[in-house]
Amino acid sequence: MDIQRLKPHLPWITLIVLVAIVGINDPGFLRPSNLLGIAGDIVPLFIMALGLTFAIYIGGIDLSAQSMANMVTVVASVYLASMGAWVAVLCVLAGFLLGMLSGYVTTRLFVPSFISTLAVGGVAFSIAQWLSGQRALNMDATQRNETFGWMIGHTWGVPHELLIAAVLVGICLFIERRTTLGRALKAVGAGELAAAASGLNVARYKILAFAISGALAAIAGLLFAVKLSGGAPTIANGFLLPAIVAVLVGGTPLTGGVGGVVNTVIGTLIVAVIRASMLYFEIDATRQQIVFGFVLIVAIALTIDRAKLRTVK
Amino acid sequence: MTRRLSRETLIKWAPLLVLIALVIFFTALNPTFFSLRNFARIAIAAAPALMVAVGVTFIIVMGSIDLSMEGTVSMTAVSFAFIFAQLGGSLGGLGWVAIPLVLVLGGLIGVLNGLVHVKLKIPSFMASLAMGFVGTGAAILLTGGDIVKVSDAAFRGLLTVRWLGFPLMVYIAAFFLFAGWFIQTHTTLGRNFYAVGGGEDLAHASGLNVTRVRVTGFALAGVFYAIAAILVVARIGQAESVTGANFMFVSITSVVVGGVALWGGIGGVWNALVGVLIVNVIDNGMVVIGLPDFLQDGVLGLLVILAVVLSTDRKMVSFVK
């Protein structure tokens, strides 16, 4: 069994090994209620990672995801009072449009995606600061419970966040596996020039991929705002690193083309288990960022398809 | 004899023209903008950013990118504050030793960045972004989230002692700007950066050790980030894990707006200077004419897109990721 054939299976093997290690050391970890709780807590991060999957799948990156989520927590907090449930539509639409803007700038104006998304992230940050007046905002508790309370409840011990995540995974899987869009994204990720040469409107599909990424980042922000019952322009800072890690340890390489939604599910669970295990092994929370930084490097190094990069810049 | 302005000439001088136009614009709206006091204010704000921008300029000239500055600046700032305190906390005593030590530390972090990038063959934006996260993480670990004060009067003199209206730190930044210019134009290393950025295959084929040039470039950038860190600590009198926050966005924006092409091979430290001044004049000018400061990131974001668009020869690029 050589390493190349093993590679696609590494993510779930890693996950099982990690769960086993933590489980042996702390049997309490494996209690269903504990596992469900851990899974429920990671959902906002997961949704952001799900969106990032699309951007990375086509060989790009979306560094605006965190700012987008930040902005949406503010938008949701500001407009919940006046718009009620419609604020959700506004949030998702804002994310989708800003994502489209990133995609447009990347594909039509030839700005590399890490710069274009960084720039659009700056725009989102400005909007967040402007709307919030640079303060932390709170939602009206009763109104939040009436409008979005269903998002964060429990049914028979299962957190509702997990149901939301499941629905979104279903939609994304459908897009990836059963639609023209999904096939087109795969083609773009596998070889953009070939895709363009065979008559695919590459730019349109890439713009859509960034738009989906933006919309999912917005949903992540909305859920986060509901959980915390408020928003602020920097409240979701710290999401970007683990979200990128989740996509990459799941096995979607930076070069795109392989991997996908299911990989990100596994990747996010790996991130969740790493986080939880740090708690159990009493590793200081302040070390988390260092650990994830190194995990990120290892994950990229293992997954990246170097045949696609003629020169590594 | 009128000659049509060529695209290259226009692009070369556009950033400087933009800077002059901005100065005239803000002066027209509020004459106090054009005063020594205000220029000193802009210079103080711009000095650390300039050091970061000069550092990353070398990397961008090579056609790579370095996004590790936030982590590196935080890490070196915090290290500086600790070492400085450990050595007596005074520039008059042994405290000055902290400065060379921290410059070396910055260089080592840069070497690490470069090695991760070239040895593991990871694109530089991601390698350096990941290392930046590690750097911020290390700074959090060192401080435990606390603020480390540096209140030595001699060291703070970098900010408080003024010559001709400008504090010492501005002259130090200017000195290192010239050092950067010297490296760029008068050393083999500087020529090699342009060789790698102009065409890596060609540089490699002519016998250049591209790997070594890249790693050295990242090391040099790390040293400049460390200088920036020391200047920041001198300016605000403290170091913490968020000392480097926002440097990434501002410095990349500055360098690109100043006219350094993201594709490599074009531009240099003077572009970095013009870019940093554009960004800081906009920041300062918006405050002076009474615009809210939250618009800055958005304006900078749009500006950077515009700059990349203008500097890209679209016939040359087939697609970007």
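Every chain begins its residue count from 1, and numbering advances along the sequence as written. Key to labels: chains lettered from A, ligands numbered from 1, both in the order written. Only residues with pLDDT of 70 or above have their local features reported here, since the model is predicted, and side-chain atom pairs are shown and tallied only from 80 upward, although totals for entire chains, interfaces and linings are computed over all residues. As a rule here, side-chain values cover all heavy atoms of the structure and leave hydrogens and water aside.

- Named according to an unreviewed UniProt entry, chain B is ABC transporter permease originating from Shinella kummerowiae.
- UniProt positions are given in the numbering used here, feature names are shortened, and annotations may be inferred rather than shown by experiment. The annotation that UniProt attaches to chain B under Subcellular location (unreviewed entry) is "Cell membrane".

- Looking at an unreviewed UniProt entry, chain A carries the name Autoinducer 2 import system permease protein LsrD, with the source organism given as Shinella kummerowiae.
- The annotation that UniProt attaches to chain A under Subcellular location (unreviewed entry) is "Cell membrane".

## Observations regarding the overall build of chain B
1) Next: Looking only at helices and strands, one finds 13 helices and four strands in chain B.
2) Next: Every radius of gyration here is taken over C-alpha atoms, with the globule rule written as 2.2 Å times N^0.38, N being the number of residues. For a compact globule of 321 residues, the expected C-alpha radius of gyration is about 20 Å, and chain B comes in at 20 Å, within 12% of that figure.
3) Next: Exposure classes here rest on a 1.4 Å probe applied to the protein chains alone. A residue is buried below 20% of its type maximum, exposed above 50%, and partly exposed in between. Of all 321 residues assigned to chain B, the portion counted as buried reaches 55%.
4) Next: The contact definition used throughout considers only heavy atoms, calling two residues in contact when any of these lie within 4.5 Å. The long-range fraction of contacts in chain B, counting pairs at least 24 apart against all pairs at least 6 apart in sequence, stands at 77%.
5) Next: Surface accessibility follows the Shrake-Rupley procedure with a 1.4 Å probe radius. Residue values consider only the protein chains on display as shielding. For chain B, the exposed area adds up to about 13,700 Å²; of that, 70% sits on carbon and sulfur atoms.
6) Next: Of the charged side chains in chain B, 18 are positive and 12 negative; the average position of the first set lies 9 Å away from that of the second. Secondary structure counts use DSSP, requiring at least four H or I residues in a row for a helix and at least two E residues in a row for a strand, with both numbered from the N terminus. All tallies of charge rest on Lys and Arg as positive and Asp and Glu as negative; His and the ends of each chain are not included. In this description, the location of a charge corresponds to atom NZ of lysine, CZ of arginine, CG of aspartate or CD of glutamate.

## What about a nonpolar patch on the surface?
1) Next: A contiguous nonpolar surface patch, about 400 Å² in accessible area, is contributed by A:Val17, A:Ile21, A:Tyr280, A:Phe281 and A:Ile283.
2) Next: Within the fold, A:Val17 resides in helix H2 (residues 10-25). A residue counts toward a patch only above 30% relative accessible area and without a salt bridge, and it is joined to like-charged neighbours within 9 Å or, for Val, Leu, Ile, Met, Phe, Trp and Tyr, to nonpolar neighbours within 5 Å. For this analysis, a salt bridge means a side-chain nitrogen from Lys or Arg found within 4 Å of a carboxyl oxygen belonging to Asp or Glu.

## Side note on the interface of chain A and chain B
Many analyses report the size of an interface as the accessible area lost when the parts associate.
1) Next: Taken together, the contact pairs 49 residues of chain A with 50 residues of chain B.
2) Next: Throughout, the accessible surface (probe 1.4 Å) given up by two parts as they are put together, summed over both, is called the buried area. When chain A packs against chain B, close to 4,400 Å² is buried across both sides, 75% of that on carbon and sulfur atoms.
3) Next: Between chain A and chain B we count zero salt bridges in total.
4) Next: Counted as a polar contact is a pair of N or O atoms within 3.5 Å, where, for protein atoms, one must be capable of donating a hydrogen and the other of accepting one, and residues adjacent in sequence contribute only when both atoms are in side chains. At the junction of chain A with chain B, the criterion picks out four residue pairs in polar contact (both at pLDDT 80 or more).
5) Next: Sorting the residues of the side of chain A that touches chain B by element identifies helix H6 (86-108), helix H7 (113-132), helix H11 (192-197), helix H13 (240-249) and helix H15 (288-303) of chain A as the ones contributing at least two each.
6) Next: Broken down by element, the side of chain A that touches chain B gets its largest block of residues, 11 residues, from H7(A).
7) Next: Within the side of chain A that touches chain B, the residues separate by chemical class into 30 nonpolar, 12 polar and seven charged. The nonpolar class holds Ala, Val, Leu, Ile, Met, Phe, Trp, Tyr, Cys and Pro. Asp, Glu, Lys and Arg form the charged class, and all remaining residues, Gly among them, are polar.

## Remarks on the pattern of salt bridges
Residues and elements named next belong to chain A.
1) Next: Per the stated rule, a full pass over the model turns up four salt bridges over all chains.
2) Next: The partner of Arg-177 in a salt bridge is Glu-176, and the shortest N-O contact between them spans 3.2 Å.
3) Next: Residue Arg-177 is classed as partly exposed on the basis of its relative accessible area of 46%.

## As for the packing of helix H2 (residues 36-61) of chain B against helix H12 (residues 269-288) of chain B
Residues and elements named next belong to chain B.
1) Next: Every angle, taken between N-to-C directions, lies between 0 and 180 degrees, and every axis is a line fitted to C-alpha atoms, over only the stretch in contact when it is a helix. The N-to-C vectors of H2 and H12 enclose an angle of 140°; their axes lie 8 Å apart at closest approach. The interaxial crossing formed by H2 with H12 has right-handed handedness. The segment H2 lies against H12, with Asn-38, Arg-41, Ile-42, Ala-45, Ala-46, Ala-49, Leu-50, Ala-53, Val-54, Thr-57 and Phe-58 engaging Val-269, Ala-272, Leu-273, Val-276, Asn-280, Val-281, Asn-284 and Val-288. Each helix crossing is assigned a hand: it is left-handed if the near helix lies turned anticlockwise from the far helix by less than a right angle, otherwise right-handed if that turn is clockwise.

## A short note on H2(B)
1) Next: What is called the bend at a residue is the angle between a pair of axes, fitted to the seven residues leading up to and ending at it and to the seven starting from it. Roughly 40° is the biggest bend found in H2(B), and it falls at B:Ala46, with proline B:Pro48 one to four residues downstream.
2) Next: One or two residues past the end of H2(B) sits B:Gly63, with phi positive at roughly 85°.

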